[in-house]
Amino acid sequence: MTVTLNQTARPTEGARPTRDDLIDGAMLLVLGALALAGFRSTYSGSTYLVVGVAGLLLGIVTAYIANSLRQPLIVLAVMGIAVFFLVGAALVVRSEAAAGILPTPAATRSLATASIDGWKQLVTTQPPVGRGGTLLAVPYLMGLLGGVVGFAIARRTRVAVGPVFAPLAMLAGVILLGTLQPAAVVVQGAIFAMVGVSWIALRGQRLQPRLRNDAGRRSRIVVAGGLVGTTALIAAIVGPAWLEPGHERVVLRTYVDPPVDISEYPSPLAGFRKFRGDLETRPLLEVQGLPKGTYVRIATLDSYDGSVWGATNDGSRAAPDAPKNQFVRVGAAQQTDGSGPSATIRVKVLRDYAAATDLNPWLPATGGARTVGFTGGDAKAHDEALVVNEASGQALVTDRLQPGDTYTLHVTIGTGDRAKSDLAPAAQPFGPPSPAIKSALTASKVTKWSAGATTPVGRLTRVADNLRKEGAYSDGKGDQAYFLPGHGAGRLSREFLNDSQPTGDDEQYAAAFALMAKQLGVPARVVLGAQPQSNGIVEGKDIHAWVEVHLVNGWVSIPATRFMDRNKVPDTKRQQQTPDSSAAAPVPPPSPVRPRTAIDDGTTDGGLSQLSHGARADAGWTLPWYVGATLRVVMPPLLVVGLVAGGILGIKARRRNRRRTAGPVTTRVAEGWNELVDCARDYGTVMPLGRTRQEQAASLPVMASGLARSADATVFGPGEPADSTAEEYWRDVDEARAAIGADATRWTRLRAALSLRSLRADTGTRPVGASA
């Protein structure tokens, strides 16, 4: 079967849609709506469906108008882009539109960004996505494209099955951008298959030539009806079998990593000493509604790289059925599996918290937050910048908190959020213990302090008891300034664990105890948080660090007082000793920003990233900086212009080749004359409407009456001419085309080559009586 995709649609009767227009539009609308309904498990509410169906209707209407005006496909594409931005302001980004309807530069910019990055934001946002926001651009754009492409194929081609591929592509896109949980798959699949087959049958019957007295029509209707019923039955029976546990849906969110680089945000534990210094009595947060004895968690830090404890975003799981350790955008609700009392908490960010660059990305909350709602001028930006690690419950706003920001949390208070927690004697690590850390940093102390215990938790309890017993507390004030901050390998080894009396504050104790827990095979992490005062104010002195371990009942908090005695003063008269000769030498406090690695530098050879500017210059000749800057500015628009120009030239070349080679000799000769007329139109010649070839020849800028007579004689003459007739005629046409542009300037010839006049509707260019 030959596919004919015309550059222009067949004319309609005025602006009134025909019966076939209405049928094709209705079928496309039903199939597109069924496809978009698959987003039900991805978005909350039904706003997404309203916006998507609105886009679908707009696409159908846009394609119909272009068909009625007999515009080429390139004009239809421009019309679709214009509709996307003009109407999208009211449907998607109403808050940025003038009067909630008219497009503005801000709304246009948001729509442009969403059309490019929206799919990635959607698959990296934890469902269900909220009812508003730029992510609604995904169903809107999908519906608009489906309507434009589907209706254009339906009314510009003579292939019965052709337009069905548009809603099929929409359905595939919905599945890929959706979740592993299907939405009404049986009803959606059966109805989609039934409507799709019905549409194909109707188009097939329409495109077949009618027999006299409509002979055979009844049999075709019976066969089509049977085919529709059989398809729906198969979809309803076979479809559920594909959804067994062994047949998991393929969705992009399984493979796409979140676009959050957690290493960009410094570890607040490295700056702990300021909470006992400048910020000790300064208010940082105001918390209302938090149950008594419950912590506010600021940052959960689950990875140690030898320099700092920091958060990770590696996608690992603590157990096969546990959430991924991954920061993702959240939707309307943050689902948690924790059980416990519920509470509604209101948090206000004060100036000193917002001014600390190592604090302001981290959202103070509890570990079981179900929903987060921002208020104030930055609410919309914070909503879009909020990311949550479901495994740790840690929330982060990538645009950073500002002074006066206020948000409300609906939370479930879990065991890890209470201030009084301890290790149960019979508790065991959750699942198989994590591999022990073989490190000289903690090995000697762990072996000594855990001696006599037989279980991992028993050994961990003995380590906590001995660390509290032998250690002392100092925050470096007064004559104790030589007790340095930091928790890098040097500080923890020589000046803490291997000292005759381990001395430090929450930072060193929590960092060391978590490492020793890992040494014993117990999953552990460090948490920085606070216990608000009775009036809800959190000052620097209220900030503490503690350790969480993963046991059979989940993550359990071990407060710092369990392994640290804040009332025990160090012996300042003793000489510091280093019994472990293998301990590392002292190093300065670590930078709060985690050091870059070979992976961060995008190369497997870390040394290459350390080359100096001069070394790179010696490696070979490079472009001057101003040349590179000029190319970055100039090349993108030149590339766009080149692609558009190449597309126009390609379309014309393909049309010319088709005219020259396709069909019988009479058709090729007639198309040769049309090629000459189109060439003249591109050069600006106005051709008369509905005239014969002889009459058209009088309007051409070259002598073409002989070509007109030759074409008439071949088309209307008796018999079928030889193939050489068409070849000779086309040679004469090529000479006439060359003569039209012989005296033109180079700019005029270029403008004619890129002209769209001959690609528009050809009313009047086809002479009366010409062969199609």
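These figures come from a predicted structure and were not determined experimentally.

1. Some words on the overall build of the protein chain
Next, step 1: A count of helices and strands for the protein chain gives 21 helices and 17 strands.
Next, step 2: Counted over contacts in the protein chain with a minimum sequence separation of 6, partners at least 24 positions apart contribute 78%.
Next, step 3: Surface accessibility of the protein chain: about 37400 Å² in total, with carbon and sulfur atoms responsible for 60%.

2. With respect to the environment of Ala489
Next, step 1: Tracing the sequence through the fold places Ala489 in helix α13 (residues 489–497).
Next, step 2: Its relative accessible area of 32% is what places Ala489 among the partly exposed residues.
Next, step 3: Ignoring anything within four residues of it in the chain, the contact list for Ala489 reads Tyr304, Gly306 and Leu441.

3. Let's talk about the sheet that holds strand β3 (residues 296–301)
Next, step 1: Spatially, the four strands line up as an open sheet ordered β3-β14-β16-β17, and their pairing is antiparallel. If you trace the sheet from one side to the other, it starts and ends with β3 and β17 (554–558), each paired once. Here the strands of the sheet are splayed against their neighbours by 35° on average, with no regard to which way each runs.
Next, step 2: Pairing between β3 and strand β14 (residues 524–530): five bridges, direction antiparallel. Bridging across to β14, Ala299 finds its partner in Leu528.
Next, step 3: Against the sheet, helix α14 (residues 506–519) makes contact with β14, β16 (543–551) and β17, and its axis sits at roughly 10° relative to β16, the strand it touches most.

4. Some details on the packing of helix α2 (residues 47–68) against helix α3 (residues 73–91)
Next, step 1: Running from N to C, α2 and α3 cross one another at 145°; their axes reach a closest spacing of 10 Å. Considering only the axes of α2 and α3, their crossing is right-handed. Within the contact between the two elements, α2 uses Val51, Ala54, Leu58, Thr62, Ala63, Ile65 and Ala66 and α3 uses Leu76, Met79, Gly80, Val83, Val87 and Leu91.
Next, step 2: When the residues that make up the contact of α2 with α3 are grouped by side-chain class, the tally is 11 nonpolar, two polar and no charged.

5. Concerning a nonpolar patch on the surface
Next, step 1: A cluster of nonpolar residues, Val61, Ile65 and Leu69, forms a patch on the protein surface that exposes about 260 Å² of accessible area.
Next, step 2: Looking at where Val61 falls in the secondary structure, it is placed in helix α2.
Next, step 3: Among the residues examined, Val61 registers a relative accessible area of 45% and is labelled partly exposed.

6. Things to note about the pairing of strand β11 (residues 406–412)
Next, step 1: Summarising burial for β11: five of the seven residues are buried, a large majority.
Next, step 2: The pairing of strand β7 (residues 342–349) with β11 spans seven bridges and is classified as antiparallel. Counted as the bridge partner of Ala343 is Val411 from β11.

7. Things to note about the packing of aromatic side chains
Next, step 1: Within this structure, the stated rule accounts for 13 aromatic pairs.
Next, step 2: Pairing Phe272 with Phe275 gives two aromatic rings, centres 5.8 Å apart and planes at 75°, and the pair type is edge-to-face. Of the two residues, Phe272 and Phe275, neither departs from the other in class, the shared state being buried.
Next, step 3: Plain terms: the ring middles of Phe496 and Tyr509 are 5.0 Å apart, the flat faces sit at 90° to each other, and that makes the pair edge-to-face. Of the two residues, Phe496 is situated in helix α13 and Tyr509 in helix α14; the sequence distance between them amounts to 13 residues. The two residues Phe496 and Tyr509 agree in class, both being buried.
Next, step 4: Three or more aromatic residues joined by ring pairs make a cluster, and in this case those are Phe39, Tyr43 and Tyr48.

How each quantity is defined
Chains are numbered independently. Their residues run from 1 in the order of the written sequence. Local features in this predicted model are restricted to residues whose pLDDT is 70 or higher, and side-chain atom pairs enter the listing and the counts only when it is 80 or higher, whereas totals over whole chains, interfaces and linings include all residues. To obtain the side-chain values, all non-hydrogen atoms of the structure were included, while hydrogens and water were left out. Numbering of helices and strands runs from the N terminus, with a helix taken as a DSSP run of H or I at least four residues long and a strand as a DSSP run of E at least two residues long. Whether two residues are in contact is decided by their heavy atoms, any of which lying within 4.5 Å being enough. Accessible areas in this description were obtained via Shrake-Rupley with a 1.4 Å probe; residue shielding takes into account the shown protein chains only. The buried label applies to any residue whose accessible area, calculated with a 1.4 Å probe on protein chains only, is under 20% of its type's maximum; exposed applies above 50%, and partly exposed to all values in between. If DSSP finds at least two bridges between two strands, the strands pair. Fitted lines through C-alpha atoms serve as axes, helices being fitted only where they are in contact, and the angles separating the N-to-C directions of these axes extend from 0 to 180 degrees. Each crossing gets its hand from how the near helix is turned against the far one by less than a right angle, where anticlockwise is left-handed and clockwise is right-handed. As a working rule, the residues Ala, Val, Leu, Ile, Met, Phe, Trp, Tyr, Cys and Pro are called nonpolar, Asp, Glu, Lys and Arg charged, and the rest polar, with Gly in that last group. Patches were defined on residues exceeding 30% relative accessible area and lacking a salt bridge, with like-charge contacts within 9 Å and nonpolar side-chain contacts (Val, Leu, Ile, Met, Phe, Trp, Tyr) within 5 Å. Criterion for a salt bridge: a side-chain nitrogen of Lys or Arg within 4 Å of a carboxyl oxygen of Asp or Glu. A pair of aromatic rings is counted whenever rings of Phe, Tyr or Trp (Trp by its six-membered ring) have centres within 6.5 Å, and the orientation is called stacked for planes under 30 degrees apart, edge-to-face for over 60 and tilted otherwise.

So far we have only geometry, and geometry alone does not tell us how the molecule works.
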